[in-house]
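A structural walkthrough
Chain by chain, the residues:
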Amino acid sequence: FFTKIILEIMDEIFARAKSILVIWADDTDPENLPAFQEILQTKAKQAHIAFENVQMLLDSRRATSSFDVILLGLVSKRDTPTNVDLLNEFFRLLRPNGYFITHIEHAKQSQAIDHFKMCGFTSCNPLDSNSSFLIENKDDDVKKLGSLWLCQKPSFDIGYSVPLRNRADSKTGQVLPTAETKKTWTMDDDDLIDTDGLLDENDRKKPDVKSYDCGTSSTGVRKACKNCTCGLAQELEQEEHAAAKQSVKSSCGSCYLGDAFRCAGCPARGLPPFKPGERVALPTMSDV
Amino acid sequence: MLLNILFGSQTGTAEDVSERFACMARSAGVQCRVQPLDSITSIDDLGTYNLFIVSTTGDGEEPENMRQFWRLIMRRSLSVVLSHVHYALIGLGDSTYPKFNFVGKKLSKRLEQLGAQAICEKVLADEQHPHGTDGCIDQTFTSIFWKALGDLIGQELQPRIDQRLPSKYQIQWIDSDEPHIPSNGTMQTLKNIPKIPPGYSSVPLISNTRVTSEDHWQDVRLLEFETDLSYKCGDVAVILPQCPIASVHLLVSIFHLEDKLDHRFIASNETSSLSMTVLELFRDYLHITRVPSRSFFEKLVWFADDELERERLLEFLQAGNMDDLYTYCHRPRRTSVEVLQDFPQTASRIPFEYVFDLFPHIRPRSFSIASSPKIHPNRIQLLVAIVRYKTIIALYREGLCSNYLCRLQSGERIFMRIATSFNLIDDDRPAIMIGPGTGVAPFRGWILERSLNQDKLNMLFFGCRYRKKDAYVENDLLKDSINLIYIPAYSRDQDEKIYVQHKIIEYGHLVWEWISHKHARVYLAGSAKQVPEQISDALKTVFI
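How each quantity is defined
All residue numbers refer to positions counted from 1 along the written sequence of the respective chain. Working convention: letters from A go to chains and numbers from 1 go to ligands, in the order in which they are written. Whole-chain, interface and lining totals are the exception, using all residues; otherwise, since this is a predicted model, local features are given only for residues with pLDDT of at least 70 and side-chain atom pairs are given and counted only at 80 or more. Based on all heavy atoms of the structure, the side-chain values leave hydrogens and waters out of the count. UniProt positions are given in the numbering used here, feature names are shortened, and annotations may be inferred rather than shown by experiment. By nonpolar core we mean a set of buried residues, namely Ala, Val, Leu, Ile, Met, Phe, Trp, Tyr and Cys, connected to one another through side-chain atoms within 4.5 Å. Buried residues are those whose accessible area, probed at 1.4 Å on protein chains only, stays under 20% of the maximum for their type, while exposed residues exceed 50% and partly exposed ones sit between those limits. Secondary structure elements are defined from DSSP: runs of H or I of at least 4 residues count as helices, runs of E of at least 2 residues count as strands, and each element is numbered from the N terminus. Whether two residues are in contact is decided by their heavy atoms: any pair within 4.5 Å suffices. Strand pairing follows a simple DSSP-based rule, namely that at least 2 bridges must link the two strands. Only the stretch in contact is used when a helix axis is fitted, and all axes are lines through C-alpha atoms; the angle between N-to-C directions ranges over 0 to 180 degrees. Note on aromatic pairs: the rings of Phe, Tyr and Trp (six-membered ring only in Trp) are paired at centre separations within 6.5 Å, and the planes decide the class, stacked below 30 degrees, edge-to-face beyond 60, tilted for the rest. Comment: the charge-over-ring label is applied if NZ (Lys) or CZ (Arg) is within 6 Å of the ring centre and within 35 degrees of the ring normal. By definition, the crossover connecting two strands over a helix is right-handed if that path, from the first strand to the second, turns clockwise as seen with the strands pointing away from the viewer. Put simply, the grid is 1 Å and covers the protein atoms alone, a cavity is a trapped set of points that fit a 1.4 Å probe, a pocket is an open set with protein on both sides within 12 Å along at least five of seven lines, and lining residues have an atom within 4 Å of a point. Grid points are joined across faces, edges and corners, and a volume is the space filled by probe spheres set on the points. Under the grouping applied here, Gly and all other residues not named as nonpolar or charged are polar, the nonpolar ones being Ala, Val, Leu, Ile, Met, Phe, Trp, Tyr, Cys and Pro and the charged ones Asp, Glu, Lys and Arg.

Per an unreviewed UniProt entry, chain B carries the name NADPH-dependent diflavin oxidoreductase 1 and comes from Adineta ricciae.

In the annotation of an unreviewed UniProt entry, chain A is listed under the name Anamorsin homolog and assigned to Adineta ricciae. Under the Cofactor (unreviewed entry) heading, UniProt states for chain A: "[4Fe-4S] cluster".

**A word on the nonpolar core**
Residues and elements named next belong to chain B. Grouped together as the largest cluster of nonpolar side chains are 52 residues, with contacts concentrated most on Leu281, Phe282, Leu340, Phe356 and Phe359. Here this core takes 6 residues from helix α8 (residues 294-303), the largest share from any one element. Setting aside its immediate chain neighbours within four residues, phenylalanine 282 contacts Cys243, Val248, Leu251, Val252, Phe255, Leu257, Ile288, Phe352 and Val355. In this structure, Ile5, Phe7, Met24 and Cys136 belong to the second largest nonpolar core, which totals 29 residues.

**Quick notes on the sheet that holds strand β20 (residues 485-490) of chain B**
All names here are of chain B. Spatially, the 4 strands line up as an open sheet ordered β20-β19-β18-β21, and their pairing is parallel. In this open sheet, the two strands that pair with only one neighbour each are β20 and β21 (521-524). Recorded for the sheet is a direction-independent mean angle of 15° between the axes of neighbouring strands. Bridge analysis of strand β19 (residues 458-464) against β20 gives 6 bridges, and the strand direction is parallel. By the bridge assignment for β20, leucine 460 is matched with tyrosine 486. Across the sheet, helix α15 (residues 441-450) touches β18 (431-434), β19 and β21, and the angle it forms with β18 is around 155°.

**Focus on the packing of aromatic side chains**
All names here are of chain B. Across all of its chains, the model carries 33 aromatic pairs over all chains by this definition. Taking the centre distance of 6.1 Å and the plane angle of 75° together, the rings of phenylalanine 422 and tyrosine 523 count as edge-to-face. With phenylalanine 422 in the loop between β17 (413-419) and β18 and tyrosine 523 in strand β21, this pair connects stretches of sequence that are 101 residues apart. With relative accessibility at 21%, the residue phenylalanine 422 sits in the partly exposed group. Looking at tyrosine 523, the relative accessible area reads 7%, which means it is buried. An aromatic cluster is present here, built from Tyr169, Trp173, Phe265, Tyr285, Phe352 and Phe356 joined pairwise through their rings. Positioned above the aromatic ring of phenylalanine 316, the side-chain terminus of arginine 312 is 4.0 Å from the ring centre. One cation-aromatic arrangement involves arginine 450 over tryptophan 446; the distance from NZ or CZ to the ring centre is 4.8 Å.

**Some remarks on the environment of Ile49(A)**
Residue and element names in this part refer to chain A. Along the polypeptide, isoleucine 49 turns up in strand β2 (residues 48-53). Expressed as a C-alpha distance, the spacing of isoleucine 49 and serine 19, which sit 30 residues apart in the sequence, is 6.0 Å. Dropping the residues within four chain positions of it, isoleucine 49 is found in contact with Ile20, Val22, Gln37, Leu40 and Gln41.

**Describing the pairing of strand β1 (residues 2-8) of chain B**
Residues and elements named next belong to chain B. With respect to burial, β1 is a largely interior element, 6 of its 7 residues being buried. Crossover handedness for the path β1 to helix α1 (residues 13-27) to strand β2 (residues 31-36): right-handed. In this sheet, strand β3 (residues 49-55) lies alongside β1 in parallel orientation, the contact comprising 6 bridges. Bridge assignment links leucine 6 to a residue of β3, and that residue is phenylalanine 52.

**What about the side chain of Gln501(B)?**
Residues and elements named next belong to chain B. The topology assignment puts glutamine 501 in helix α18 (residues 500-506). Classification of glutamine 501 by relative accessible area gives buried; the value is 12%. Apart from the residues lying within four places of it in its own chain, the contact partners of glutamine 501 are Gln534, Ile535 and Ala538.

**Examining helix α10 (residues 322-330) of chain B**
Counting buried residues along α10(B), 7 of its 9 residues qualify, which places the element largely inside the surrounding structure. Tucked inside the fold, the buried residues of α10(B) contact α4 (132-140), α8, α9 (307-317) and α11 (336-342) of chain B.

**Observations regarding empty space enclosed by the protein**
Residue and element names in this part refer to chain B. Counting across every chain of the model gives 5 cavities of 30 Å³ or more. Reported here for the largest cavity is a volume of approximately 100 Å³. At the level of elements, α1 and α8 are the ones that each hand at least two residues to the lining of the largest cavity. Grouping the constituent residues of the lining of the largest cavity by class yields 5 nonpolar, 3 polar and 4 charged.

**Looking at the sheet that holds strand β7 (residues 170-174) of chain B**
Residue and element names in this part refer to chain B. If you trace the 3 strands from one edge of the open sheet to the other, you get β7-β11-β12, paired in antiparallel fashion. Looking at which strands have only one partner, the edges of the open sheet turn out to be β7 and β12 (273-277). Recorded for the sheet is a direction-independent mean angle of 20° between the axes of neighbouring strands. Across 5 bridges, the pairing between strand β11 (residues 264-268) and β12 is antiparallel. When the bridges of β12 are listed, arginine 264 appears paired with threonine 277.

Set out below in structure tokens:
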């Protein structure tokens, strides 16, 4: 049952792919490449297929997130070993939700899976099929002692960090079941992404307060925060009072109206409105 | 076409901005729906056109009313599921905090990742902007948003600020002397029933003691309440404050409602219904002393007939005059009542039902509990720093809840409930606590409690300004029976400033020994502004 689902999904993966990268190694017989390309193209009708030698890959510096599927070491008789640098590069090259497929010897699989996960791949599952066109070119004994593995890059780009699974879990190399029959090929757990990974360098910078355009000649004055308990508000208060004491003359004649209508130098500044000719005594708030 | 306005708001600012954009939408003929983000329970609930308005609170965290949404949208298993969604985003934050607007930044990146399309460039509004967050938003976002949304839906959108919208509630007055028969047929008199808000308990005050010296500028109180509410160390007391009675009376006189104070009314609309007296409305329900936002002024225009006042209001609201409005209102922290005092003609023309549009509901405030249920049975103690300062306005600016508590006399009752906050793990591992100022509150009760077991080791770094003026934990914690290594930092008792982080470095060897050899845990409480960064820098120094 499980195998069947996987084969169907494999078909879908290839059918939808727009861009596939086939990585070959020095032990690949070059005569096998065109044939492989042909059969792959029939499965992946809309895909552009690129080929690269594993030694040249890191130097090529291809564009980030540019492939839907990467196949490693399938065209050769023996398996191509993976290492962390290579896997990181595959991760970078894949689009979010892209797939990485390779063939791994059973004896080496737990270490390989560890590496896959360390580099960010999720949903790493073996494909229990020896008849896939993907491994036609492999030696029989290689096919017998290993499996095809399918891994996926999660649904967002670089910056995401995977919690390292317990060593114990990965060593069993268990097949992870899909939940219900969801279309998305990822574990439907309640885990959240590491949201800090969403932010880049620029996000962590604070804005330059001085660069705020206030539209007038107002200077960037020190402002006490709303719940000032550090004393800055008291300091500002002293400054304000000193400034207020200096202005004695009113120049607008509307002192009796509220602050909304008073001029900057008004001696009544800070007081509520009052009747013209009369000064109201300030109602004292409780001074407890 | 429906515009979903979705907000994540901790202290009401984002909710305020949402209301403002909703008013703009309605005045432009755009149907809209305003909801907190937690109303979105599945990805499908996001419609086609969405305006996200999200604050950042605490240490770069999302506000409470969008926590569930956060867990939904940040699920690892999501793939590109929002390609049908158009969105715009307003982030609200304060750049004096290191994690400035992190919630807005993260959400917009995530929405992009999931395939949503931006209607226009987002704005990360900053409280430190010369004109505050409102100024920031209007300067870089508002008109661009309406234009871009209009282009998108093929309709020119011109929000008009001077067009009066229907009030949120309709009012029906009840004769307070006669019994009121509600629709289910039972008879009830509505006089003088003390209503306890759901979830809260009515709790009496035992004592209210100042713990800083009289000659110190800051007034810090130790308040003790009697209650059988159960709590543990690290929990917070959530309190519903009342507006100061002087402000209530001032507003009542501005509205000429003096003889209606005891009159009861029902305010209702499609979704809810409230009943209270006029006094209760202005004292217990509406935050009348809140510093008004731009939308308050926009609404006053609806009622401004008097030429002088109308002209001034429109002038304040002009795009190029943001500085003027900011200098008048926001910067000196002028309250809504005080603004109405300056515009008496307009104020007297405001129909009663519009008070719900002008003032938001009072929000509860949380205070870390400073006592321990084991040491202080049936008691809850709070350490509260009273926020009181002067600006150019003659009357003191006062924090709503701290001053409410400050004025309480013994016997008076308040509404309180308990919420979890700090997770203090009480096992045998030693605890290193760093609590400058009133941040020390949760540690006070916890240290007393842990000292019941002499094997539990405790270390406290406490910071204040002067040993003789505000070292308010020393009375309680410096006793033989208390198992504590106490390391104070008195910042102003010497020429150079000494803070807790300096002490951490000074005692680094001890800190290191406790952490590496004794498996001590480190707890930090206090202001989220610079303290966490400075402390972690100090700890890093210790570890290296």
